[in-house]
Amino acid sequence: MSLCRYLPVPSDRMGIIWSLLSVKDSIILEYGPAGTTHFSMGFYGTLEVDWQQRLFTTHMNEDDVVMGDVTRLEEAIVELDKSYEPKVIFVVASSISAVIGTDIKGVCNYMQKEVQAKLVAFEQGGFRGDYSIGLTEVYKLLVNNLPCKEQRKKIFNIIGASMGSYRAASDVWELQNLMREAFGYEMHTCLCYETSVDEIGDIGTAEINLVMRQEGLPAAEVLKNKFDMPFVVSAPYGYAATLAWLEEVGKILGQLPDVKMCARLRLKAQNTASLKMYAMMMGRKKTPQAAVIGEYDLVKGLSAFLRSVGIDVKYKLCSHSLKSIVEPELDIQYISVEKEKIDILKKMQKTLVLADDVSHRLCDSSNVVVRVSAPFIDGAQIATHLPLLGEKGTDFLLETIEAYYQTLA
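Residues numbered from 1 in each chain as written. Predicted model: local features only at pLDDT ≥ 70, side-chain atom pairs only at ≥ 80, totals over all residues. Heavy atoms only, no water.

Focus on the overall build of the protein
Then step 1. Of regular secondary structure, the protein possesses 17 helices and 15 strands.
Then step 2. The C-alpha atoms of the protein give 22 Å as radius of gyration, which agrees with the globular expectation for 409 residues (22 Å, within 12%).
Then step 3. Principal axes of the C-alpha set define a box for the protein whose edges measure 70 × 50 × 35 Å.
Then step 4. By residue count, 55% of the 409 residues in the protein fall in the buried class.
Then step 5. Accessible area for the protein stands at about 18000 Å²; split by element, carbon and sulfur atoms hold 53% of it.
Then step 6. The protein carries 43 positive and 52 negative side-chain charges, and their two centres are separated by 8 Å. (Helix = DSSP H or I, 4+ residues; strand = E, 2+ residues; numbered from the N terminus. Rg over C-alpha atoms; globule rule 2.2 N^0.38 Å. Buried < 20%, exposed > 50% of the residue type's maximum accessible area, 1.4 Å probe, protein only. Areas by Shrake-Rupley, 256 points an atom, 1.4 Å probe, with all protein chains shown as cover. Lys, Arg positive; Asp, Glu negative; His and termini not counted. Charge placed at Lys NZ, Arg CZ, Asp CG, Glu CD.)

Considering the nonpolar core
Then step 1. Counting 96 residues, the largest nonpolar core has Leu142 and Leu352 as its most contacted members.
Then step 2. With eight residues, helix α8 (residues 168-183) is the largest single contributor of residues to this core.
Then step 3. When residues no more than four places from it in sequence are discounted, the contact partners of Leu142 are Leu20, Val23, Phe90, Pro147, Leu191, Cys192 and Ile200.
Then step 4. Judged by nonpolar contacts, the second largest core, of 21 residues, contains Leu80, Val91, Val115 and Ala117. (Core = buried A, V, L, I, M, F, W, Y, C linked by side-chain atoms within 4.5 Å. Contact = heavy atoms within 4.5 Å.)

Some thoughts on the side chain of Ser94
Then step 1. Topologically, Ser94 is positioned in the loop between β4 (88-93) and α5 (95-99).
Then step 2. A residue is classified by how much of its surface remains accessible, and Ser94, at 1% relative accessible area, is buried.
Then step 3. Among residues more than four places away in sequence, those in contact with Ser94 are Arg13, Glu30, Tyr31, Gly32, Pro33 and Gly125.

Focus: the packing of aromatic side chains
Then step 1. Per the counting criterion, the structure on display carries five aromatic pairs.
Then step 2. Pairing Tyr166 with Phe376 gives two aromatic rings, centres 5.4 Å apart and planes at 50 degrees, and the pair type is tilted. Taken as a pair, Tyr166 in the loop between β6 (155-159) and α8 and Phe376 in the loop between β15 (368-371) and α17 (390-408) lie far apart in primary sequence, 210 residues in all.
Then step 3. We classify Tyr166 as buried; its relative accessible area is 8%.
Then step 4. Residue Phe376 is classed as buried on the basis of its relative accessible area, which comes to 10%. (Phe/Tyr/Trp six-rings, centres within 6.5 Å; stacked < 30°, edge-to-face > 60°.)

A few points about the sheet that holds β15
Then step 1. Pairing is parallel across the open sheet formed by five strands, whose spatial order is β13-β12-β11-β14-β15. One side of each edge strand has no neighbouring strand; the edge strands of this open sheet are β13 (333-334) and β15. (Pairing = 2+ DSSP bridges.)

Side note on the packing of α8 against α17
Then step 1. Where α8 contacts α17, the axes come no closer than 7 Å and their chain directions differ by 125 degrees. With respect to their mutual orientation, α8 and α17 come out oblique. Where α8 abuts α17, its residues Trp173, Glu174, Asn177 and Leu178 lie against Gly390, Glu391 and Lys392.
Then step 2. Grouping the amino acids of the contact of α8 with α17 by side-chain chemistry returns two nonpolar, two polar and three charged. (Axes fitted to C-alpha atoms, helices over the stretch in contact; angles between N-to-C directions. Parallel < 35°, antiparallel > 145°, perpendicular 65-115°, else oblique. Nonpolar A, V, L, I, M, F, W, Y, C, P; charged D, E, K, R; others polar.)

Things to note about the environment of Gly164
Then step 1. Relative to the assigned elements, Gly164 resides in the loop between β6 and α8.
Then step 2. Each C-alpha atom of the pair Gly164 and Phe227 lies 29 Å from the other, and the pair is 63 residues apart in sequence.

Here's the deal with the sheet that holds strand β5 (residues 118-122)
Then step 1. Read across the open sheet, the four strands follow the order β3-β2-β4-β5; overall the sheet is parallel. The open sheet has two free edges, formed respectively by β3 (55-57) and β5, since each of these has just one partner strand. The average undirected angle you get between the axes of adjacent strands in this sheet is 25 degrees.
Then step 2. Seen against the sheet, helix α7 (residues 131-145) touches β4 and β5 and runs at an angle of roughly 150 degrees to β5.

Examining helix α14 (residues 296-308)
Then step 1. Taking 1.5 Å as the rise per residue, α14 with 13 residues should run 18 Å; its terminal C-alpha atoms sit 19 Å apart, in good agreement.
Then step 2. Taken together, the buried positions of α14 are Tyr296, Asp297, Leu298, Val299, Gly301, Leu302, Ser303, Phe305 and Leu306.
Then step 3. Looking one or two places after α14, you find Gly310, whose phi comes out positive at around 90 degrees. (Expected span 1.5 Å × (residues − 1).)

Quick word on empty space enclosed by the protein
Then step 1. Scanning all chains against the criterion turns up one cavity of 30 Å³ or more.
Then step 2. Reported here for the largest cavity is a volume of approximately 30 Å³.
Then step 3. In terms of lining residues, the largest cavity is bounded by Phe305, Leu306, Leu352, Leu354, Leu397, Thr400 and Ile401.
Then step 4. Among the elements that take part in the lining of the largest cavity, α17 stands out by supplying three residues, more than any other.
Then step 5. Classifying every residue of the lining of the largest cavity gives six nonpolar, one polar and no charged. (1 Å grid on protein atoms, 1.4 Å probe; cavity = no way out; pocket = protein on both sides within 12 Å on 5 of 7 lines; lining within 4 Å. Points joined across faces, edges and corners; volume = space filled by probe spheres on them.)

In structure tokens form, the structure reads like this:
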């Protein structure tokens, strides 16, 4: 691991815990030293994730580490089950317990008969990759361990809403609006944002799964095999992309999207064509260019949208490794050495930079910068109705692009 001047990419363990904290009626028990869990709690708070009475640790001393004694873990499982009566206890390995090879899954297997709560083990401990790998494991293990019902209703599920993503709550809100207006469907389960053990247990009752990011694809495949549930993989950025996404969803549901809604999106898409002409005219003075930095599906979607309005996306930088991505686009890079990324950002001039707060601090004043990804350290994430994707997200992005063009005039 190279030296890091700013913030390192969160580990798989961090992605697992912040996702599980969104599942109501459950408890997360980390088998590790108290300091490790305490250090993480502040970070989860910045993501607007409530960990009070939800996240616990066993603590570990030298004997536990050297001798491999799991008595603390056994006693903690029993105590939490009796004290809080959760429906599920997620037992998560810390880096220490993962290093010494504690059989978390084995402990959960023999302790299951001692408690009422269902025990689900996560053994990653922060060594199998960054948080994108953790998200993949969470979505997959949840649908493998909890779903039990299958009875189709006029509802849908969302898979891949990570609370570590910027504007995750707003993006979920926008998808709900799109599905409600286009088809009259309501959301049932969302992995993992404000869901519950019961909702995940009934995940098989929905007619379709909307997969927001590729980390949710393995979970969608599990549900396809278990319940023959169809799914759509993509997060629509731009009016045309949103319309195409609705049409794809409609084919699966056997229902055309709302006619008035489609007409509105087509008109907005046509109107954005003038921006491409404007970009060509501006190119005589200064070619419009952009840099997009964030999670893979965000980078992919925003870059395609920017190209459609005449902006050359010079840099497409993914904020996490590409290990969990199936056939990633070749021009989307993951730069593991922070210094290389810093050098790129400091050289940018007259560029529209859609990125995180750290990246914005490194860009000079000639650039137009917009926060679209984590980490966000220069302000809180408060609104839950300001998305980046869908129709309303495109409204916001176009205002930003217009402001950028004014700087080139």
